[in-house]
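# Secondary and tertiary structure notes
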Amino acid sequence: MYLTLTDVTKTFPGRSGDNDVTAVDKVTLNIAKGELVTLLGPSGCGKTTTLRMIAGFEFPSEGDIHLDGKEINKLPPHKRDMSMVFQSYAIFPHLTVYENVAYGLKVARLPKKEIKERVAKTLELVELSGYENRAPNQLSGGQQQRVALARALIMEPKVLLMDEPLSNLDAKLREQMRNEIRRIQQMINITSVYVTHDQVEAMTISDRVVIMNEGRIEQIGTPIEIYRHPKSRFVADFIGRANFISGVVQGWKDGRLTVTFMDRLLVVAAAEDEYKTGTAVTIVVRPEMMQLNPADGAHVDGIVRRASYLGDVVEYDVQVGEQLLSLVESDPRHLDIHPEETAVQIKFLEDCLYALPPSN
Amino acid sequence: MTTPIAKQSSIKTNLAHRYREFALIARDPVLLVGLLLAVLFILTFVFFPIGKVILRAFADDNEAFNIEYFLRYFDPYFSRYLWRSLLSTMTLGIATATLGTTLGFVFAYTVVRCNPPGKRWVHILALIPIVSPPFAIAMATILLFGRNGLITAKFFGWEFTQGMNDIYGMDGLVFVQTITFFSVSYLMLRAMLERLNPAMEEAAHSLGASKFYIFRTITLPLLIPGLAASFLLLFVESLADLGNPLLISGNVDVLSAQIFLAVAGEFDYQKASTLAIMLLIPTLLVFVVQRYYVSRRSYVSVTGKPASGQILVKEPVTRWTFIAITYAVLALILTLYLSIIVGSFSKVWGIDYTPTLEHWKMMLNRGNEAIMDTTFLSIMATPIAVLLGMMVAFLVVRKNFSGKDGLDFGSNLGAAVPGTILGIGFILSFVVSPWLLVWALYITMSLFFVRTLFNTPKEQLSILLGGSVLVGLFWYSQEFLGEIGTMYLLGGLYMALAAYFFFMRGDKRSGKLLAGLGFYLMMSDLVLYISYPIASLSRQIDSSFWSDAVFQLSDYIQVLFRVPQTILMIPYLFMGMVALDKVRGKERPLLSILFLGIGGALAFVGNPLAMVGTAFIIIFAFTVRSMPASVRAGVASLQQIDPAIEEASNSLGANAEYTFRKVTLPLITPALLAGLIFAFTRHMTSLSAIIFLVSPRWRIVTASILSEWEQGGVSLAAAYASSLILLVLLAIGLMYIVTTRILKGRSDADLSLGA
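The rules behind the values
Residues numbered from 1 in each chain as written. Chains lettered and ligands numbered in written order. Predicted model: local features only at pLDDT ≥ 70, side-chain atom pairs only at ≥ 80, totals over all residues. Helix = DSSP H or I, 4+ residues; strand = E, 2+ residues; numbered from the N terminus. Buried ≥ 20, exposed ≤ 12 C-beta atoms within 10 Å, placed from the backbone. Contact = placed C-beta atoms within 7 Å. Nonpolar A, V, L, I, M, F, W, Y, C, P; charged D, E, K, R; others polar. Domains from an automatic or database assignment. Pairing = 2+ DSSP bridges. Expected span 1.5 Å × (residues − 1). Core = buried A, V, L, I, M, F, W, Y, C linked by C-beta atoms within 7 Å. Axes fitted to C-alpha atoms, helices over the stretch in contact; angles between N-to-C directions. pLDDT = per-residue confidence, 0-100. Parallel < 35°, antiparallel > 145°, perpendicular 65-115°, else oblique. Left-handed = near helix turned anticlockwise from the far one by under 90°.

### Observations concerning the overall build of chain B
Looking only at helices and strands, chain B has 30 helices and 2 strands in total. Dimensions of chain B, computed from C-alpha atoms along their principal axes, come out at roughly 85 × 70 × 60 Å. Within the span of chain B, comprising 755 residues, buried residues form 44% of the whole.

Here it is as structure tokens:
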């Protein structure tokens, strides 16, 4: 592995006599060369602190960080061969675009000619050629973001670190920039660590996603693994939307689980853990894993409490017994829209349902 | 539940935190040095002098415990007079604060909300009182409205007889102080008004509130913290003011003037100290209330940017009423300043208004020295104040450590206490060597020295002992060598060390550094070979102006090489540590003892820190007074720089030093320049803090103005004041050109940063 974190912990002294605050708690993470890994989690989950420890702005209280086989725990940022893209862009306001991008190369005392060539090449990569002499305050948010990216990329760092780089852009631009970042990252095959709290961003951009909560890693996996097989309620809830229905284990075989829930007997996918017959289990039912008024095989009856037409999809809240289930039906052109307070039938798409590991 | 054991362990972990924090700072040597310098400076020049004043009030001339002057407040013979003067001081403070804040608000409201014609000029003219000498307004008021005033006597033909209500007294004093101090209030309230979010008032408007209702229920309540802050600040300024009361208070006695008279007239330091405590109590109370109460109740963050899209008053009656008042006051201010200038050109004010250059000639003759001394000392103090201020600002904004609040408090205290008190404190502290302080400085520095260089307590202790024995030897050798000889000896030793580093160790950088240090020490005497010829040259010049100027130059050159040795010890020990950085092995402890011994000995050469009568006591008094403004300017500008910008530079491979040089420094340059201007003007115009510190050798213009005025040279005093105002305006103009031209108008250095 190229970049590894082993049991990395960071505690900050509490304010005036309070207890220590553990921002990052025993985080272990292995990142392969050329991989883009996203640290995803709600604010305060320790993702930024983890990134800052990788960058060298904070030193771990415990644990080790290795880069390319060498321990770098206490190495200051400027000796780490990594560059960082900041949430606020942190563009030097008193320098032009050219000077900003060339900054790191000047620090490294590269010959002028080489600097010039590399700046030109990098600006081309981020599609900012011709902007060399602009001052930062003459640039739009997206352009500033590109300058920040170019400034980091030009260093050809061993690891590129990005701290919520898109959170200050508007929605359209964000979408465009995140595809751009992914394109460039793939093109030059640079190892990257990306911090975000936006799950869509994480899903679209990453090779692997690390979900963090309260300083700990909840789950590491590819976007597909994370979405399909969340290890905990927190992950299931944080990535996409989920209904949680409790059931009782009836049987367990070959990774399939027979459960009773809502008084029905269903077979669902299960994690690799061991499930004991008769124990309670939580089933993750995503809104798109249900069908309304199916032609046949309906499982439960319910009443529509809310229906919202969003254009590409219709969202429903359907009350089944005591529980309110969120449901999504796509492509409403071909479907009836069920008005509020009408009775409906629900069919669970059994293949897609997933039981959380027993500890949940 | 907290059991006693749990509590104890929490104290323990708490201490562990503090230690860890300190260890974190210690890992950053630049930071540690900065912190140490700031702390030592504040300790030496703020806390020590103030402490001296407080203690002096409880001791008679023989240093026996005595509270006679406090008891006088309860002695029927004195008490009526004492309480009355206390009461009039408070009355003055409250009246000035109320009127000044009101006027400041009117100005702020006019400029921000009423869009007056010539807005820019209104702003600039409103700031003039801030940069002019503290008693200029009192002088001008007497010239215009006094018993022989141009308006009262000449236009109205009033004749003043005994018992008539003239301009002298409480009414005149309040008027003068209001005009003098309202600018400060204006600046504070303008900043607040600009940062009020217009959406709040628009929200109230959309809910159906009328303009006046909005003002009463939204605008005013939001401004109350600002108004309170302005009131408190003006109250303190009014209490601390010395120049105006001396000129215009008449029969009314106020504390600041009484303190001045106790020292200058009676030489009774115990009395002065007692009165100083009476003045210190309300001042510190207000300072603390302002810091810990009012400023935390604020709804408006003053550090933020002005809100865009200000609401403008369109209703003509309100708008023009505000504008008219503003214009009228500005006209009054202009007339007042004009009268000073006219006064300086009038033959005999009040009797013969014939224009003449006689006073200016006289001033250039007699006041030449004062003007040059003041300018020189102000320039010397400016970089010290600004660098220290920026350093404190950097520590306060960017670093986390315990005692940060204390550092901030201490650095602000210097300007918050009335100048007279600080002045007395300086006299009491530095008239003879303050051995306690000298020892404290030596012990702090030597502990820092050994703790930074060595790890085990055993090593630390032996180096400390060895070095201190050496210090003792040097101290003893003064008996035979005298001060000058000792300086040559210490300088020679540095030279020898330089040779050792340069030739034997091949460390050329340290060698040059040490040679420079040694040479500088020797220059304290050698400088006479430069300054004597210059002084004798001055005697051959006929024109008294140039002769004076050249003579002064010889003095100024000496000052450069005669920094008090105790102060020198601090950088010399730091430099020693720099040189020792690369030394390893057996030489390390040996050389450490030498560096500690030679450097530390500097603290005890001659009469350490007995600075009364020298240039340095004035320079340090200036510095203490203007540093807080630099701190505030620095804090304001650093807070606007995203820390990520520095981190970005760091992550691109630049170390802390490169980052500071190429990123931080260019970004804070405007604040730095604003700090420089403000510090300089503050030095040039300060009176209360240095009036006791002037000596025949070092004269200060403000003090000269006062003495000329008292001797009846009204026009001469006016000429002095005009030239002082001119010099300050020149400095501001120069700085303005620098900021707008050289920095290409990247940021306009606003004087308001300093206030």
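Moving on from the model shown.
### Observations concerning the overall build of chain A
Across its full length, chain A holds 8 helices and 20 strands. Counting only C-alpha atoms and orienting by the principal axes, one finds that chain A spans roughly 75 × 45 × 45 Å. Considering chain A as a whole, with its 360 residues, one finds that 38% of them fall into the buried category.

### Here's the deal with the interface of chain A and chain B
Opposite the 20 residues of chain A that make contact, chain B presents 21 residues. Across the side of chain A that touches chain B, the residue classes break down as 13 nonpolar, 6 polar and 1 charged.

### Considering the domain arrangement of chain A
All names here are of chain A. When the domains of chain A are assigned, the result is domain 1 (3–235) and domain 2 (242–355). Look at where the C-alpha atoms of domain 1 and domain 2 centre, and you get two points 38 Å apart. Each partner contributes to the interface: domain 1 provides 4 residues, whereas domain 2 provides 5 residues. Each residue belonging to the side of domain 1 that touches domain 2 can be placed in one class, and the counts come to 1 nonpolar, 1 polar and 2 charged.

### Structural notes on the pairing of strand β16 (residues 300–309) of chain A
Residue and element names in this part refer to chain A. Of the strand pairs in this sheet, β16 and strand β19 (residues 343–348) are connected by 4 bridges, and their pairing is antiparallel. What sits directly across from G302, in β19, is V344. Pairing of β16 with strand β17 (residues 313–320) involves 6 bridges; the strand directions are antiparallel. Bridge pairing in β17 links Y309 to V314. The turn joining β16 and β17, which pair antiparallel and follow one another in sequence, is formed by 3 residues; a positive phi near 100 degrees is taken by G311.

### Observations regarding the domain arrangement of chain B
Segmentation of chain B into domains returns domain 1 (1–56 + 387–432 + 615–755), domain 2 (68–356) and domain 3 (435–527 + 562–609). Computed from C-alpha coordinates alone, the two centres of domain 2 of chain B and domain 3 of chain B are separated by 51 Å.

### A look at helix α17 (residues 404–416) of chain B
Taking 1.5 Å of rise per residue, the 13 residues of α17 of chain B would be expected to cover 18 Å, and the 18 Å separating its terminal C-alpha atoms lies within 8% of that figure. Of all the residues in α17 of chain B, the buried ones are S411, N412, G414, A415 and A416 of chain B.

### Focus: the sheet that holds strand β20 (residues 354–355) of chain A
Residue and element names in this part refer to chain A. If you walk around this closed barrel you meet the 5 strands as β11-β12-β13-β20-β14, and the pairing is mixed. In the sheet, strand β11 (residues 243–253) pairs with strand β14 (residues 280–285) via 6 bridges, with the strands oriented antiparallel. Bridge pairing links I245 to I283 in β14.

### Describing the nonpolar core
The biggest cluster of nonpolar side chains holds 261 residues, and the ones touching the most others in it are L161 of chain A together with M139, I424, I618, A621 and A721 of chain B. Leaving out residues up to four positions away in the same chain, L161 of chain A has contacts with L51, I54, A55, M82, M84 and V193 of chain A. In terms of nonpolar packing, the next biggest core, distinct from the first, is built from 38 residues, F449, V450, L580 and V605 of chain B among them.

### Quick notes on the environment of T9 of chain A
All names here are of chain A. By the secondary structure assignment, T9 is in strand β1 (residues 3–12). Distance from T9 to T22, taken between C-alpha atoms, is 7.5 Å for residues 13 residues apart in sequence. Non-local contacts of T9, meaning those with residues more than four positions away in its chain, are made with T22, V24, D25, K26, P60, S61, E62 and G63.

### Section: the sheet that holds β19 of chain A
All names here are of chain A. Across the sheet, which stays open at both edges, the 5 strands sit in the order β15-β19-β16-β17-β18 with antiparallel pairing between neighbours. Taken across any chain shown, the strands that pair with only one partner, and hence form the sheet edges, are β15 (290–292) and β18 (323–330). Each strand of the sheet is rotated relative to its neighbour by a mean of 45 degrees, with strand direction disregarded.

### Observations concerning the confidence of the model for chain A
On average, residues of chain A carry a pLDDT of 89, and 98% of them reach 70 or more. Element-level pLDDT for chain A is lowest in strand β13 (residues 264–270) of chain A, with a mean of 85, against a maximum mean of 96 in strand β3 (residues 36–40) of chain A.

### Quick word on the packing of helix α6 (residues 136–145) of chain B against helix α14 (residues 316–344) of chain B
Helices that pack against each other are described as a pair by the angle of their axes relative to one another and the distance between those axes. Residues and elements named next belong to chain B. Taken N-terminus to C-terminus, the directions of α6 and α14 make an angle of 75 degrees; their axes are 8 Å apart at the nearest point. Classified by the angle between their axes, α6 and α14 sit roughly perpendicular to one another. Along its contact with α6, which presents A136, I137, M139, A140, T141, L143 and L144, the element α14 presents L336, Y337, S339, I340 and G343. Counted by class, the contact of α6 with α14 contains 9 nonpolar, 3 polar and no charged residues.

### Some details on the packing of helix α21 (residues 508–526) of chain B against helix α24 (residues 565–580) of chain B
Residue and element names in this part refer to chain B. α24 packs onto α21 with a crossing angle of 160 degrees between their chain directions and a minimal axis gap of 10 Å. Considering their axes alone, α21 and α24 lie roughly antiparallel with respect to each other. α21 and α24 meet at a crossing whose hand is left-handed. Facing S510, L513, L514 and L517 of α21, the residues of α24 in contact are Y572, M575, V578 and A579. When the residues that make up the contact of α21 with α24 are grouped by side-chain class, the tally is 7 nonpolar, 1 polar and no charged.

### Regarding the environment of L75 of chain A
Residues and elements named next belong to chain A. Along the chain, L75 turns up in the loop between β5 (70–71) and β6 (82–85). Note on L75: 16 C-beta atoms within 10 Å, which makes it partly exposed. It is 6.5 Å that separates the C-alpha atoms of L75 and G56, two residues lying 19 residues apart in sequence. Excluding anything up to four places from it in sequence, L75 contacts G56 and R80.

### Some thoughts on the environment of V605 of chain B
Residue and element names in this part refer to chain B. For V605, the location among the structural elements is in the loop between α25 (587–601) and α26 (615–639). Once the C-alpha coordinates of V605 and Q478 are considered, the two residues, 127 residues apart in sequence, prove to be 7.6 Å apart. With residues up to four places along the chain from it excluded, the contact list for V605 reads Q478, E483, T486, M487 and Q565.

### A word on unusual backbone geometry
A positive phi is found at R109 of chain A, a non-glycine position, where the angle reads about 55 degrees. Considering the arrangement of structural elements, one finds R109 of chain A in the loop between α2 (97–107) and α3 (112–125). Positive phi is not limited to glycine here, since L609 of chain B has a value of about 60 degrees. By the secondary structure assignment, L609 of chain B is in the loop between α25 and α26. L609 of chain B sits in the buried class, given 24 other C-beta atoms within 10 Å.

### As for the pairing of β3 of chain A
Residue and element names in this part refer to chain A. Most of β3 sits out of view: 5 of its 5 residues are buried. Of the two faces of β3, the one carrying L36, T38 and L40 and the one carrying V37 and L39 are both buried. Judged from the 5 bridges that link them, β3 and strand β8 (residues 191–196) form a sheet pairing that is parallel. Paired with V37 across the two strands is V193, which belongs to β8. Pairing analysis gives 4 bridges linking β3 to strand β9 (residues 208–213), with the strands arranged parallel.

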